[in-house]
Amino acid sequence: MTDGAVLDVLVVGYGPVGAVLAALLGRRGLSVGVVEPQKEPFPLPRAVGLDEETLRLLVGLPGLAGFLDRVHASGRSAILGPNRRVLIELGLGESELGTPVAAFFHQPSFERDLRAGIATLPGVTVHLGRSVTALHQAGEPADAGDPGDPGDPGDPGGTVTAELDDGSRLRARWVVGCDGASSPVRGMLGVDYAGSTFTQPWLVVDVETPTPLAHLPYFSFVCDPRRPAVTMPMPGGHRWEWMLLPGEDPARMAQADGVRALLSDWVDPDTVRVVRTAVYTFHARTAARWRVGRILLAGDAAHSMPPFAGQGLGAGLRDAAALSWRLAEVIGGLAGEELLDEYERERRPHVEAMTSAALRVGRVVQTTNPRLSRLTRSVLVTLDHAPGLRRALRGGAARPRPRLPRGVAGTRPAAGRILPNPRLRTMDGRVIRLDDLLTDAWTLIGHGIDPTAGLDPAARDWVDRRAATALTVVAPGGLRAVSDVSCPAVEDLDGTLLHALRTRRPLPIALVRPDRYLAGLVAAPLRGTDLPTPPATRGSDTPWAARPASRYSTSRRIRSRLVRRPLISASCLPMSVSFADVWYWASVAPSASSR
């Protein structure tokens, strides 16, 4: 029996990635179904931290308006030696996105608040305690358990039928598997999950503390060949992670006596309360395909990575952001289905870059060879005392800013930059953030002009069909000179926005995607040929044409601009250590592990 009407999207999995995707789609007015085997969120924290881009995404979701008030902001990190002496301290700098650069959070509380917010969205229906047992695309079976199944003959073209474990069925135009690294959806599709699973076990211990631990205020890697470790604050407590050594029994180390012995080197065990212990290993795997017909994969179902770059959960949330607006455009008839192929082309390079970074960092973090560890510590101390470098490191000057791969961002000037979220002054004197004026639609920003003035018919149709937001932005003190604009005018109080939109050739109109990335800068007046066109209609000579994403990823480009030459040869260390590698090790990874 098929239940109800055809959904726009069925989300399989209601963890953080599935919930964020459901919220983003439901907020856009789409009909969304969610299927989740568990009736309640996992009661203990697993992921503990987020970076500025994902924090910006979350605070706009239903139920999370006060989210930033409940996180532990992080502006600094450190690498410690065996005696807990600071080898190098690194600052994260200031965020331009209106959030902390990084923050630690309590995942169970976050998931409960988000689910409560989703419950207010009339278009989202959640089926808890239910599992998807088979998926059938019209004329193309997705159930790997029955490869000869011709699909549901009663299912009209353009939909997917999901069979649930209670015998009911749901139909949807699109299905997204957000069901974790062991994804049943991926298994039903028969998609390979290539990569490696590492056998090195780590023990994670979360404790509650009456007050924050003053002697451990930052996220820190511990370069101790006797037992590598990680330590980080979290709301209401603290987390330690210790690498288990050869010959140690993981089950025994996770027992109370073993945990107490490890804690005693850092804190009086009687002053804290252990709330979670877990032994984990990690994976570096990526699905061979993220889309099969009308079924897509996101989050750990599409990729999993070692925790050392702190981007496991963040990568999944970026998936949700990149996929949600594309699904909305396709479902709304504004673009062809090919737009969804850009999702993988855009996201895969970032995931591969983060996975590679995590593996490099992991090789150093897990060093147990005393000689190699001593050399690593010497490099870090040298960096920390280099003239001028210490100040730069602590000021966050080398922190990479989010940017899309050029191959998918397009060729327009500034394409792929993230839109800042600066303070603005409105015509009536209010001071707000840019995000307070933006919606889930495209945005046109005019530098001192009305970006909708003089539109040709094609541009007017494009803007109207997408209900695009339009803004005029002026420099500090420039509001008095604004006139003859049909859209809100605001003053960029700190010059942050105008600086982000600056290029060698002055182009006064910025095209901003729904996920807050720039599609590029164009001249005025806006013409239909300046605007992104649906993939089904655009040709290879169009500046917006999708191209295979370059594997020369954002983080590699950033690193190549710094010091490329290894400070110590690869024969001395488990990897070549450049200035940028060390910076990445300690200042990106704090945006939290997902274990």
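Since the structure is predicted, the reported quantities are computational estimates derived from the model, not experimental observations. (Residues numbered from 1 in each chain as written. Predicted model: local features only at pLDDT ≥ 70, side-chain atom pairs only at ≥ 80, totals over all residues. Heavy atoms only, no water.)

(A) Region of interest: unusual backbone geometry. Residue Pro525 follows Ala524 across a cis peptide bond; omega there is -5°. Looking at the element boundaries, Pro525 is found in the loop between β27 (518–522) and α14 (554–561). Non-glycine residue Ala414 carries a positive phi angle of around 70°. Among the structural elements, Ala414 can be located in the loop between α11 (406–409) and β21 (423–426). A positive phi angle, near 75°, is found at Arg516, a position not held by glycine. By the secondary structure assignment, Arg516 is in the loop between β26 (509–512) and β27. (Helix = DSSP H or I, 4+ residues; strand = E, 2+ residues; numbered from the N terminus.)

(B) Representation of helix α12 (residues 457–465) in the model. Residues of α12 that are buried: Ala459, Trp462 and Val463. Around the axis of α12, the buried residues are gathered within 95° of arc, so they sit on the same side. On its buried face, α12 is in contact with β23 (443–447). Taken from the residues just after α12, Ala467 is the one with a positive phi, measuring 50°. (Buried < 20%, exposed > 50% of the residue type's maximum accessible area, 1.4 Å probe, protein only. Arc of directions from axis to C-beta. Contact = heavy atoms within 4.5 Å.)

(C) The arrangement of the sheet that holds strand β7 (residues 102–104) in detail. Spatially, β3-β7-β4 is the arrangement adopted by the three strands of the open sheet, whose pairing is antiparallel. Looking along the sheet, the strands with just one partner apiece sit at the ends: β3 (49–51) and β4 (72–74). Neighbour-to-neighbour, the strand axes of the sheet open up by a mean angle of 25°, direction not taken into account. Where β3 and β7 come together, three bridges link them in antiparallel fashion. The partner of Asp51 across the bridge, within β7, is Ala102. Along the sheet, helix α2 (residues 52–59) contacts β3 and β7; its crossing angle with β3, the most-contacted strand, is approximately 95°. (Pairing = 2+ DSSP bridges. Axes fitted to C-alpha atoms, helices over the stretch in contact; angles between N-to-C directions.)

(D) Layout of the packing of aromatic side chains. Under the criterion given, the structure shown has eleven aromatic pairs. Ring geometry for Phe67 versus Phe110: centroids 5.6 Å apart, planes at 50°, classification tilted. With Phe67 in the loop between α2 and β4 and Phe110 in helix α3 (residues 107–118), the pair connects residues that are 43 residues apart, well separated along the chain. Per residue, the accessibility class of Phe67 equals that of Phe110, and both read buried. Ring centres of Trp290 and Tyr343 lie 5.7 Å apart, and the angle between their planes is 55°; on these two criteria the pair is classed as tilted. Placement of Trp290 in the loop between β17 (273–287) and β18 (291–292) and of Tyr343 in helix α8 (residues 341–365) is noted, with a sequence separation of 53 residues between them. A residue is classified by how much of its surface remains accessible, and Trp290, at 0% relative accessible area, is buried. Note on Tyr343: relative accessible area 1%, which makes it buried. In this structure an aromatic cluster arises from ring pairing among Phe198, Trp202, Phe282 and Phe308. Looking at Arg84, its charged tip hangs above the ring of Trp266, at a distance of 3.9 Å from the centre. Over the ring of Tyr193 we find Arg186, and its NZ or CZ is 3.6 Å from the ring centre. (Phe/Tyr/Trp six-rings, centres within 6.5 Å; stacked < 30°, edge-to-face > 60°. Lys NZ or Arg CZ within 6 Å of the ring centre and 35° of its normal.)

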